[in-house]
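Residue-level structure breakdown
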Amino acid sequence: MHPRPAMLYEVVRQEGSLELERTFSALWWSGIAAGLSMGFSLLVMAVLETLISNDGMAGSLITPLGYSVGFVIVVLARQQLFTENTITAILPLMAETTWENLYRTTRLWSIVLIANLVGTFVFALFMAYSGAASADVLAAARGIALHLMDKSGSQMFFGAIFAGWLVASMVWVTPATEGMEFWVVLFFTYAIALIGASHIIAGSVEAYLLILHGDISAWYALTHFAIPTLLGNIVGGTTLFAMLSYAQVREEIAPEES
């Protein structure tokens, strides 16, 4: 028997409430860990790219599986990822819209976003200069990153809406699929990679790598990738998915909130 939408809402809302209560230190180090973990998405994709010819359908379908690796680590290890917070942290604010909750939500988003981006930068730095990745893997990683940056700002924004929606969907359905979390994460994040949607944290590893190699400027990465992708992820995960999900259960939970 599938749980009712109101039950899923309550599980996600309670999880968001717990996240809002976490200390700066807990959020910061969990966010750093998530950023480092997300780096493996690009690394594994690059390794698969070097092993499988992308000229055929097999390469196009298998290489994106590497994108899911970072998300699987983050979700199963319960690390703080910004785009997950766009739905979990916003539900308590929708249920009780106060200045205090707005402050707590903004605080959570800011800490986790900055920590994630610091983590991805450290990973990109290590990948570029440590020698742990072979020249072929680095070349493949740069090729993947350049393909991402080849999109226009509007393509980044609208693609990021899809990514934000899919990550929020993943968070929403996970409570109903106990014991199947791995497959849920794999399905939704593979879909993000398959459609080429941009994700602010996963994509930042690619942006950092190109900056470190002099392929693009930091300003270009900020204006062409980071800002439109961040806004798109928020629109898809918060403005659309979270608000619509809340709207469908609002009447059912109204007696409990009052």
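None of the values given here were measured: they were computed from a predicted structure.

**Brief notes about the overall build of the protein**
- Within the protein, the regular secondary structure consists of 12 helices and zero strands.
- Moving toward the C terminus, one meets the helices and strands of the protein in the order α-α-α-α-α-α-α-α-α-α-α-α.
- In the protein, buried positions account for 50% of the 258 residues.
- For the protein, contacts bridging at least 24 residues in sequence account for 83% of all contacts bridging at least 6.

**Observations concerning a nonpolar patch on the surface**
- Side chains of Leu-36, Ile-114, Val-118, Phe-121, Val-122, Leu-125 and Tyr-129 sit close together on the surface and give an oily, nonpolar patch of about 580 Å² of accessible area.
- The biggest single contributor to the nonpolar patch is helix H7 (residues 99–129), with six residues.
- With respect to the element layout, Leu-36 can be found in helix H2 (residues 24–51).
- Looking at Leu-36, the relative accessible area reads 31%, which means it is partly exposed.

**Focus: the packing of helix H8 (residues 135–149) against helix H11 (residues 200–212)**
- One way to put it is that H8 packs onto H11 with a least axis distance of 9 Å and a crossing angle of 110°. By the criterion of interaxial angle, the relationship of H8 to H11 is roughly perpendicular. Contacts between H8 and H11 pair Leu-138, Ala-141, Arg-142, Ile-144, Ala-145, Leu-146, Leu-148 and Met-149 from the former with Gly-203, Glu-206, Ala-207, Leu-209 and Leu-210 from the latter.
- Grouping the constituent residues of the contact of H8 with H11 by class yields 10 nonpolar, one polar and two charged.

**Overview of the environment of Ala-26**
- Mapping Ala-26 onto the fold places it in helix H2.
- For Ala-26, a relative accessible area of 26% gives the class partly exposed.
- Taking the C-alpha atoms as reference, Ala-26 lies 9.4 Å from Gln-80; in sequence the two are 54 residues apart.

**Quick word on the nonpolar core**
- Counting residues in each nonpolar core, the largest one holds 67 residues, and the members touching the most others are Ile-87, Leu-91, Met-149 and Phe-225.
- Look past the residues within four positions of Ile-87 in its chain and what remains in contact with it is Ala-168, Val-171, Trp-172, Gly-237, Phe-241 and Ala-242.

Definitions and cut-offs
Residues numbered from 1 in each chain as written. Predicted model: local features only at pLDDT ≥ 70, side-chain atom pairs only at ≥ 80, totals over all residues. Heavy atoms only, no water. Helix = DSSP H or I, 4+ residues; strand = E, 2+ residues; numbered from the N terminus. Buried < 20%, exposed > 50% of the residue type's maximum accessible area, 1.4 Å probe, protein only. Contact = heavy atoms within 4.5 Å. Patch = residues over 30% accessible without salt bridge, like charges linked within 9 Å, V, L, I, M, F, W, Y side chains within 5 Å. Areas by Shrake-Rupley, 256 points an atom, 1.4 Å probe, with all protein chains shown as cover. Salt bridge = Lys/Arg side-chain N within 4 Å of Asp/Glu carboxyl O. Axes fitted to C-alpha atoms, helices over the stretch in contact; angles between N-to-C directions. Parallel < 35°, antiparallel > 145°, perpendicular 65-115°, else oblique. Nonpolar A, V, L, I, M, F, W, Y, C, P; charged D, E, K, R; others polar. Core = buried A, V, L, I, M, F, W, Y, C linked by side-chain atoms within 4.5 Å.

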